[in-house]
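Secondary and tertiary structure notes
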Amino acid sequence: MSQFWSPIVHDITPYVPGEQPKLANLIKLNTNENPYGPSLRALEAMRQEVANSIRLYPDPASDQLREAIAHYHDLRMEQVFVGNGSDEVLAHVFQALLKHDAPLLFPDITYSFYPVYCKLYGINYETVALDDNFEIRVDDYLRPNGGIVFPNPNAPTGCLLALSEIERLLDANTQSVVVVDEAYVDFGGESAASLVDRYPQLLVVHTLSKSRSLAGLRVGYALGNNDLIQALTRVKDSFNSYPLGRVAQAGATAAMQDQAHFENTCRKVMQSRKKLVKELNGFGFKVLPSAANFIFTSHPEHDAATLSASLRERNIVVRHFSKPERISQFLRITVGTDVQCAMLVSALREILG
Ligand SMILES: *Cc1c(COP(=O)(O)O)cnc(C)c1O
């Protein structure tokens with residue numbers, strides 16, 4: 001608390017990201033990073049960019065990157081907005097498109113950054129309870145609203161909403177923006193990007209942090225009708241003309257173009273997930289069906305916070321959310337390499353006895 005703070009700063013509740021431990025040798029399964037490195041072509045493009053042009057300001061519009069993203073999704077460049085991580089893209093989305101008189105709707109259990117943006121921008125919101133299987137029920141969103149936002153697959157549950165259900169939502173909800181945050185869609189979901197041409201109220205948000213292994217680079221993007229993209233660009237150009245540096249633009253462009261590396265690493269993560277779920281089921285863990293690069297799991301006889309602490313003693317970091325109550329007995333575990341998964345499994349075997 002300080003007399004020097006603007007009043008709003010007293011009222012906001014900042015998001016708390018998962019720990020980035022300083023210790024080496026930890027098995028880090030707490031923030032859903034990709035265990036495999038990024039495309040070698042992306043690394044090479046970044047080296048070249050540093051060597052040749054880092055003296056100069058970057059392209060403020062990131063045209064090359066937007067072109068590469070548009071090409072990957074079979075869209076036009078005018079339908080793409082890029083930002084410094086999808087967290088920044090989402091921040092602009094909340095401010096530019098989701099602040100209206102009617103409440104913004106999102107699930108009660110979801111990405112915990114959403115209520116933080118609402119507080120920051122003074123957006124009125126209501127949460128909608130997931131059903132008993134922790135799934136999003138489209139019918140519960142069919143009521144007056146100033147916008148709808150949810151991740152698909154949802155976080156931290158990993159549960160996927162079928163594309164046909166998203167289409168049903170869009171058919172019924174035509175008067176406000178629907179934002180689908182597809183941070184994890186490449187690990188087993190089907191992207192709503194294919195619906196962008198048909199639904200002017202749809203905005204799809206992606207990140208290169210998870211499926212493209214570039215969490216440290218900070219690149220995210222949004223896909224939507226040019227009208228929505230223009231709103232985002234207006235906010236961006238009132239905030240920071242150069243959100244993406246040259247290294248980020250060069251690396252992200254090359255990463256979007258390296259289809260083979262992307263497909264290989266996603267496939268490996270999905271294979272490891274399948275094996276891991278089987279092992280955990282064998283120990284009596286219940287695992288929600290996951291289409292993401294993490295699993296959400298609970299054990300009927302073991303307290304989640306205690307399990308998390310015991311894993312930490314064995315140098316394995318997973319994520320435990322003590323709130324809301326409904327998920328306090330779950331652990332969110334990132335799917336690592338097969339070797340990391342095996343180490344997790346043997347630690348659990350030891351802990352469970
Ligand atoms: C990881 C994540 C993001 C943020 O990704 P960045 O691009 O790294 O900022 C956004 N939404 C969800 C649901 C996420 O899990």
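For the structure, see preceding data.
Keep in mind the model is a prediction, meaning the values are calculated, not measured.

Our focus in this paragraph is the site of the ligand. Around the ligand lies a shell of 13 residues, among which Ser 86, Tyr 184, Thr 207, Ser 209 and Lys 210 are the nearest. Between Asp 87 and the ligand, the recorded distance is 3.0 Å, taken from a backbone N or O atom to an oxygen atom. In the model, an oxygen atom of the ligand is placed 2.6 Å from a nitrogen or oxygen of the Ser 209 side chain. For the ligand, the accessible surface in isolation is 390 Å², of which the surrounding protein chains cover 93%. If one sorts the elements of the shell around the ligand by residue count, helix α4 (residues 86–97) sits on top with 3 residues. In terms of residue class, the shell around the ligand is made up of 5 nonpolar, 4 polar and 4 charged.

Taken as a whole, this structure holds 15 salt bridges when the rule is applied. Among the salt bridges present, the one from Asp 258 reaches Arg 41, with a minimum N-O distance of 4.0 Å. Of the two residues, Asp 258 sits in the loop between α8 (246–257) and α9 (259–282) while Arg 41 sits in helix α2 (residues 40–53), which places them 217 residues apart along the sequence. Given the relative accessible area of 9%, Asp 258 is considered buried. A residue is classified by how much of its surface remains accessible, and Arg 41, at 45% relative accessible area, is partly exposed. Between Arg 326 and Asp 108 there is a salt bridge, and its shortest N-O distance comes to 3.4 Å. Of this pair, Arg 326 sits in the loop between β12 (319–320) and β13 (331–334) while Asp 108 sits in the loop between β3 (104–107) and α5 (113–121), placing them 218 residues apart in sequence.

About the cut-offs
- Residues numbered from 1 in each chain as written.
- Predicted model: local features only at pLDDT ≥ 70, side-chain atom pairs only at ≥ 80, totals over all residues.
- Heavy atoms only, no water.
- Near = heavy atom within 4 Å.
- Polar contact = N/O pair within 3.5 Å; in protein donor to acceptor, adjacent residues only side chain to side chain.
- Areas by Shrake-Rupley, 256 points an atom, 1.4 Å probe, with all protein chains shown as cover.
- Helix = DSSP H or I, 4+ residues; strand = E, 2+ residues; numbered from the N terminus.
- Nonpolar A, V, L, I, M, F, W, Y, C, P; charged D, E, K, R; others polar.
- Salt bridge = Lys/Arg side-chain N within 4 Å of Asp/Glu carboxyl O.
- Buried < 20%, exposed > 50% of the residue type's maximum accessible area, 1.4 Å probe, protein only.

These figures capture arrangement, not role.
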